[in-house]
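Here is what each chain is made of, one letter per residue.
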Amino acid sequence: DKQSAGEFILYETRKSFEAANKKNVEKYVLAIGKNEISTDINGETNTIKLDVAPYIDNGRTMIPLRGLLEAMGASIEWQGDTRTIVVTKDVNVITLQIVNNLVYVYKYFGGGYKTIRYTLDVPPKIKDSRTFIPIRFVSEHLGYTVSWNGEKQEITIESK
């Protein structure tokens, strides 16, 4: 039984399939006391300069609000009248308030979208005229994994 070429349907090549289904790979490395973030996004490395360095407060790493989150593709809204920070990335929304330990996360949880309230160990704060937030909590709720290297005083944040 012979078939003509017109009877075949080619959907895609393996290479085009892999490219279309390739997950973005993101890696960010910060160090306590250093004003920079090393980034590796899909194999492209870069360095982002920060105007202030991350620091440790009561065992939690605090980072400047802008810089890392913007590199991750998140949008940041500052509501000055209530000193509230709204971080949005994709469908995740995190609402924090200066010197308030309560934080609200709006995201997809098993079948629907919900707002969940959490209590932070260390709240966002303003130091040296800059807003700082706890990096682990925010990064993990935006879908990243966070690891700590105590010897190097480095934080590594990677896409899941």
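First things first, this report covers the structure right here in the doc. Everything numeric here is computed off the predicted structure, so don't read it as measured data.

Cut-offs applied
Residues numbered from 1 in each chain as written. Predicted model: local features only at pLDDT ≥ 70, side-chain atom pairs only at ≥ 80, totals over all residues. Heavy atoms only, no water. Helix = DSSP H or I, 4+ residues; strand = E, 2+ residues; numbered from the N terminus. Buried < 20%, exposed > 50% of the residue type's maximum accessible area, 1.4 Å probe, protein only. Contact = heavy atoms within 4.5 Å. Areas by Shrake-Rupley, 256 points an atom, 1.4 Å probe, with all protein chains shown as cover. Patch = residues over 30% accessible without salt bridge, like charges linked within 9 Å, V, L, I, M, F, W, Y side chains within 5 Å. Salt bridge = Lys/Arg side-chain N within 4 Å of Asp/Glu carboxyl O. Pairing = 2+ DSSP bridges. Axes fitted to C-alpha atoms, helices over the stretch in contact; angles between N-to-C directions. Phe/Tyr/Trp six-rings, centres within 6.5 Å; stacked < 30°, edge-to-face > 60°. Lys NZ or Arg CZ within 6 Å of the ring centre and 35° of its normal.

### Quick notes on the overall build of the protein chain
Turning to step 1, where the next piece is worked out: Summing up its helical and strand segments, the protein chain has 3 helices and 14 strands in all.
Turning to step 2, where the next piece is worked out: Each of the 160 residues in the protein chain was classed as buried or not, and the buried ones make up 36%.
Turning to step 3, where the next piece is worked out: Of the contacts formed within the protein chain by residues at least 6 apart in sequence, a portion of 40% connects residues at least 24 apart.
Turning to step 4, where the next piece is worked out: Taken as a whole, the protein chain presents about 10,000 Å² of accessible surface, with 48% of it coming from carbon and sulfur.

### Observations regarding a nonpolar patch on the surface
Turning to step 1, where the next piece is worked out: A cluster of nonpolar side chains, Val91, Tyr106, Tyr108 and Tyr113, forms an exposed patch at the surface whose accessible area comes to about 400 Å².
Turning to step 2, where the next piece is worked out: Here Tyr108 shows up in strand 9 (residues 100-109).

### Considering the pattern of salt bridges
Turning to step 1, where the next piece is worked out: Across all of its chains, the model carries 6 salt bridges by this definition.
Turning to step 2, where the next piece is worked out: Here Lys125 makes a salt bridge to Asp57, at a shortest N to O gap of 2.5 Å. Of this pair, Lys125 sits in strand 11 (residues 125-127) while Asp57 sits in strand 4 (residues 55-57), and the two are 68 residues apart along the sequence.
Turning to step 3, where the next piece is worked out: Residue Arg136 pairs with Glu140 through a salt bridge whose shortest N-O separation is 3.1 Å. Of this pair, Arg136 and Glu140 both sit in helix 3 (residues 135-141), 4 residues apart, which is roughly one turn of the helix.
Turning to step 4, where the next piece is worked out: Judged by its relative accessible area of 34%, Glu140 falls in the partly exposed class.

### Let's talk about the sheet that holds strand 8 (residues 92-97)
By way of backbone hydrogen bonds, the strands of a sheet pair with one another, either parallel or antiparallel.
Turning to step 1, where the next piece is worked out: Taking strand neighbours across the sheet as the criterion, the 5 strands line up as 6-7-8-9-10 in an open arrangement whose pairing is antiparallel. Looking at strand neighbours, the two that pair on one side only are strand 6 (75-79) and strand 10 (112-119), the edges of this open sheet. For this sheet, the mean angle separating the axes of adjacent strands, direction not counted, is 15°.
Turning to step 2, where the next piece is worked out: Direction of pairing for strand 9 relative to strand 10: antiparallel, over a ladder of 8 bridges. Pairing of Tyr108 across the sheet is with Tyr113, part of strand 10.

### Considering the packing of aromatic side chains
Turning to step 1, where the next piece is worked out: Per the stated rule, a full pass over the model turns up 5 aromatic pairs.
Turning to step 2, where the next piece is worked out: Judged by centre distance (5.4 Å) and plane angle (70°), the ring pair of Tyr118 and Phe137 falls under edge-to-face. Residue Tyr118 is located in strand 10, and its partner Phe137 is located in helix 3; the two are separated by 19 residues in the primary sequence.
Turning to step 3, where the next piece is worked out: What makes Phe137 buried here is its relative accessible area of 15%.
Turning to step 4, where the next piece is worked out: Ring-pair connections join several aromatic residues into one group, and the members of that group are Tyr106, Tyr108 and Tyr113.
Turning to step 5, where the next piece is worked out: We note Lys127 situated over the ring of Tyr55; from NZ or CZ to the ring centre the distance is 3.8 Å.

### A short note on the environment of Tyr106
Turning to step 1, where the next piece is worked out: Within the fold, Tyr106 resides in strand 9.
Turning to step 2, where the next piece is worked out: By relative accessible area, Tyr106 is classed as partly exposed at 36%.
Turning to step 3, where the next piece is worked out: Taking the C-alpha atoms as reference points, Tyr106 and Thr88, 18 residues apart in sequence, are found 9.5 Å from one another.
Turning to step 4, where the next piece is worked out: If we ignore the near neighbours within four places in the chain, the residues touching Tyr106 are Val91, Asn92, Val93, Tyr113, Lys114 and Thr115.

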